[in-house]
Amino acid sequence: MQFPRKFILIGGIALSLCAAGQTPAKPAESANQTPGVAATQPVITVRGLCAHRDNDQANANGQTGCTKTMTREQFEALVKALNPDGQTLPPNGRQNLAKTYSEYVAIETAARNSGMEDTLQFSQLMEWLRLKTITDLYRRSIQEKFRTPAPEEITAYYKQHFPDYETLKLVRILIPRADSSVQVSNQEDFDKKAHEAANAARQRMMKGEDPEQIQNDAYSTLGLTHPPLTDLGSRRRTELVKEEAAELFSLKPGEVSQVETEPKSYVIYKVVGKDVTPQDQVKPDIAREIYQKKFKDAMQAVLDAAPAEFNEQYFRPATPATSTSPAH
């Protein structure tokens, strides 16, 4: 289950951040938030356990007799393991986690004494959790490995994908192909009128007339209100319809596109200017794209190296049984 950004999931509980939507500026748990507490000093003590473990196992788990302790160093290691991204915990976050941990320890003792640890269900769940945990840790290690591409990688990617960073400053005339106020039976006639209006608008655009006036006149001709603004600003190829982008980037400043037929509109573009987005402005985007591709390729290589086979007879989706009851 995923929680909103204002929550983090730690120790199996959702802890709200100090401020909703706040981006952590630094890791939550510093190396020593409480200098008065020594690293080896217990910060959690749970008494009355008596789990009937042998002495070696009890000592290994910080348990002596009926008491189990966790030092500050051990607790902060637990926090770091459960919160690897270093998100900021709320003021009571450590206390809530400590309370949850102590409850788990108490319940574990009762469950162990009931024999639950020896059940098949427990062993299967532990194996599943082991696989999930080691998978999550491996994914995280791969993410960290590729998270920060080298500067030369970013430059090479920018040069290789240079056309993607070219921009066009555009104005646009948009004419709807349908009108919600027109009866369905008359929509085809409206579409024809809209296409005629679009052709007329293109001719006026090619003559250099004011796009805003052309847009307003087209809407008025079709009996429509609230015409959209014509200035689209600067757009990259990826921000345009793929088929239209090919034509638009072939035009020179001042040239006008054909009447583009889109599902809901007729569109005419005019190229006002051309430019290129500098590498520094798209550096974060490039770094993210390189990272995502490397991560995806690395994980896919792992999966391809260990192909799985599934019994189709067993895993085939069940088909509804055909009723043999006589029709009434």
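In this text, all values refer to a predicted model and were calculated from it rather than measured experimentally. (Residues numbered from 1 in each chain as written. Predicted model: local features only at pLDDT ≥ 70, side-chain atom pairs only at ≥ 80, totals over all residues. Heavy atoms only, no water.)

Notes on the packing of helix α5 (residues 151-160) against helix α9 (residues 279-304)
Contact geometry for α5 and α9: axes closest at 9 Å, N-to-C directions at 100°. When the axes of α5 and α9 are compared, the pair comes out roughly perpendicular. On the side of α5, the interface is formed by E153, I154, T155, Y157 and Y158, while α9 contributes Q279, V282, K283, I286, A287, E289, I290 and K294. For the contact of α5 with α9, the class distribution of residues is seven nonpolar, two polar and four charged. (Axes fitted to C-alpha atoms, helices over the stretch in contact; angles between N-to-C directions. Helix = DSSP H or I, 4+ residues; strand = E, 2+ residues; numbered from the N terminus. Parallel < 35°, antiparallel > 145°, perpendicular 65-115°, else oblique. Contact = heavy atoms within 4.5 Å. Nonpolar A, V, L, I, M, F, W, Y, C, P; charged D, E, K, R; others polar.)

What to know about the confidence of the model for the protein chain
Across the protein chain, pLDDT averages 85, with 82% of residues at or above 70. Overall, residues 16-32 carries pLDDT values under 50, and its contacts beyond four positions in sequence, including any with other chains, amount to 35 contacts. (pLDDT = per-residue confidence, 0-100.)

As for the packing of aromatic side chains
Applying the stated rule across the entire model yields five aromatic pairs. With a centroid separation of 6.0 Å and 90° between ring planes, the pair formed by F310 and F315 is classed as edge-to-face. No difference in accessibility class separates F310 from F315, as the two residues are exposed. With 4.9 Å between their ring centres and 90° between their planes, Y314 and F315 make a pair best called edge-to-face. We classify Y314 as exposed; its relative accessible area is 64%. (Phe/Tyr/Trp six-rings, centres within 6.5 Å; stacked < 30°, edge-to-face > 60°. Buried < 20%, exposed > 50% of the residue type's maximum accessible area, 1.4 Å probe, protein only.)

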